[in-house]
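# Secondary and tertiary structure notes
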Amino acid sequence: PDEKLLYAWQVMKALTDLHGVGNIHDSAAISHTDMAADQYLWFDGKFRLNDFNRARFIRWNEKKQEACPFWIGAAPGKHRSPEEYQDDLPLTEKIDVYSAGNILWQILVGSEEIPLKKKSKDARKQVIAGDVHISEESFERKLDDKEKAILKAKEMCHIYDPKKRRTAAEVEKYLRSKLEKFGIEY
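Only a predicted model underlies this, so the values are computations on that prediction, with no experimental measurement involved.

A few words now on the pairing of strand β2 (residues 40–43). Across four bridges, the pairing between β2 and strand β3 (residues 46–49) is antiparallel. Bridge assignment links Trp-42 to a residue of β3, and that residue is Phe-47. With antiparallel pairing between neighbouring strands as the criterion, β2 and β3 make up a hairpin whose turn holds two residues, including Asp-44 at a positive phi of roughly 55°.

In structure tokens form, the structure reads like this:
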């Protein structure tokens, strides 16, 4: 469990660092847009975010004083956010946060599988419908406090509405506080 909590924090720390590159408006300047466990490399004892071929730079609208949304073509797979699976919706860096929640789940359960239907198009419908929540009481009772922290972080990432979804920095800060609480060096 110590390693799981540390790995979960490393995933969110790498994403927080990416979102913070060039940040001058307290808003993400880059979105990875292809977050999945296989986008991380194990290097020098830490997980490092990799593969930026789909990344988008996020422009700032001076008149509105807000980040500009962006659009990307729908991609196959089961690791995407609800808004990515809906055609022509403007996107933000919060798509990365949602997908990072899938990685936290994989760390928690020790499996590459996320609980979605097998076929990509069926999984897409399931995600759009918001049918991805895994926090049944029977499951939670089996977790120790460190694993419960990872589950809570995953839930922070899997808030359906991107405007209400936590930022990578908020999730990273939460996990860091748990590392400190449990005396785990990071």
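Moving on, we come to the confidence of the model for the protein. Here the protein averages 85 in pLDDT, and 81% of its residues register 70 or above. Model confidence for the protein, summarised as mean pLDDT per element, is weakest for helix α4 (residues 137–141) at 55 and strongest for helix α6 (residues 168–181) at 98.

One pass over the full model with this rule turns up seven salt bridges. Ionic pairing is found between Asp-2 and Lys-146, a salt bridge with its closest N-O pair at 2.5 Å. Here Asp-2, found in helix α1 (residues 2–20), pairs with Lys-146, found in helix α5 (residues 145–157); they are 144 residues apart in sequence, far enough to count as distant. Residues joined in a network through salt bridges with shared partners are Asp-34, Arg-80 and Glu-84.

Moving on, we come to the side chain of Lys-94. Relative to the helices and strands, Lys-94 resides in helix α2 (residues 94–109). Buried charge Lys-94 goes without a salt bridge, the closest partner of opposite sign being Glu-93 at 5.2 Å. Only 2.6 Å separates the side chain of Lys-94 from the backbone oxygen of Arg-165, close enough to count as a polar contact. When neighbours within four sequence positions are excluded, Lys-94 is seen to be in contact with Glu-83, Pro-162, Lys-163, Arg-165, Arg-166 and Thr-167.

Before going further, it helps to examine the layout of surface pockets. Reported here for the largest pocket is a volume of approximately 750 Å³. If you trace the largest pocket, you find 28 residues lining it, with Ser-27, Ala-67, Thr-92, Glu-93 and Lys-94 closest to the centre. Looking at the lining of the largest pocket, the elements with two or more residues in it are α1, β6 (66–67) and α6. Broken down by element, the lining of the largest pocket gets its largest block of residues, three residues, from α1. Residue composition of the lining of the largest pocket, grouped by class: 13 nonpolar, eight polar and seven charged.

All right, on to the nonpolar core then. Grouped together as the largest cluster of nonpolar side chains are 33 residues, with contacts concentrated most on Met-12, Leu-15, Tyr-40, Leu-104, Val-171 and Leu-175. Taken together, the elements giving at least two residues each to this core come down to α1, α2, α5 and α6. Of the residues forming this core, the biggest block, nine residues, is contributed by α1. Once you skip the residues sitting within four places of it in the chain, Leu-104 turns out to touch Ala-8, Met-12, Ile-150, Ala-153, Lys-154, Cys-157 and Val-171. Among the nonpolar cores identified, the runner-up in size contains six residues, and Ile-58, Ile-72, Leu-91 and Ile-95 belong to it.

For an α-helix, 3.6 residues make a turn, and residues three or four places apart therefore share a direction. Here α5 is 13 residues long and its end C-alpha atoms lie 19 Å apart, about the 18 Å a rise of 1.5 Å per residue gives. Within the span of α5, buried status applies to Lys-146, Glu-147, Ala-149, Ile-150, Leu-151, Ala-153, Lys-154, Met-156 and Cys-157. If you check the start of α5, you find a side-chain oxygen 3.0 Å away from the backbone N of Lys-146, and it comes from Asp-144.

All right, on to the packing of aromatic side chains then. Under the counting rule described, the total for this entry stands at four aromatic pairs. Consider the rings of Tyr-7 and Trp-42, whose centres lie 5.5 Å apart with planes at 80°: the pair is edge-to-face. With Tyr-7 in helix α1 and Trp-42 in strand β2, this pair connects stretches of sequence that are 35 residues apart. Ring geometry for Trp-42 and Phe-47: centres 4.8 Å apart, planes at 65°, overall edge-to-face. You can call Trp-42 partly exposed: its relative accessible area is 48%. With relative accessibility at 25%, the residue Phe-47 sits in the partly exposed group. Taken together, the ring pairs connect Tyr-7, Trp-42 and Phe-47 into an aromatic cluster. Across from the ring centre of Phe-182, 5.6 Å away, lies the NZ or CZ of Lys-146, which sits over that ring.

About the criteria used
- Residues numbered from 1 in each chain as written.
- Predicted model: local features only at pLDDT ≥ 70, side-chain atom pairs only at ≥ 80, totals over all residues.
- Heavy atoms only, no water.
- Pairing = 2+ DSSP bridges.
- Helix = DSSP H or I, 4+ residues; strand = E, 2+ residues; numbered from the N terminus.
- pLDDT = per-residue confidence, 0-100.
- Salt bridge = Lys/Arg side-chain N within 4 Å of Asp/Glu carboxyl O.
- Buried < 20%, exposed > 50% of the residue type's maximum accessible area, 1.4 Å probe, protein only.
- Lys, Arg positive; Asp, Glu negative; His and termini not counted.
- Polar contact = N/O pair within 3.5 Å; in protein donor to acceptor, adjacent residues only side chain to side chain.
- Contact = heavy atoms within 4.5 Å.
- 1 Å grid on protein atoms, 1.4 Å probe; cavity = no way out; pocket = protein on both sides within 12 Å on 5 of 7 lines; lining within 4 Å.
- Points joined across faces, edges and corners; volume = space filled by probe spheres on them.
- Nonpolar A, V, L, I, M, F, W, Y, C, P; charged D, E, K, R; others polar.
- Core = buried A, V, L, I, M, F, W, Y, C linked by side-chain atoms within 4.5 Å.
- Expected span 1.5 Å × (residues − 1).
- Phe/Tyr/Trp six-rings, centres within 6.5 Å; stacked < 30°, edge-to-face > 60°.
- Lys NZ or Arg CZ within 6 Å of the ring centre and 35° of its normal.

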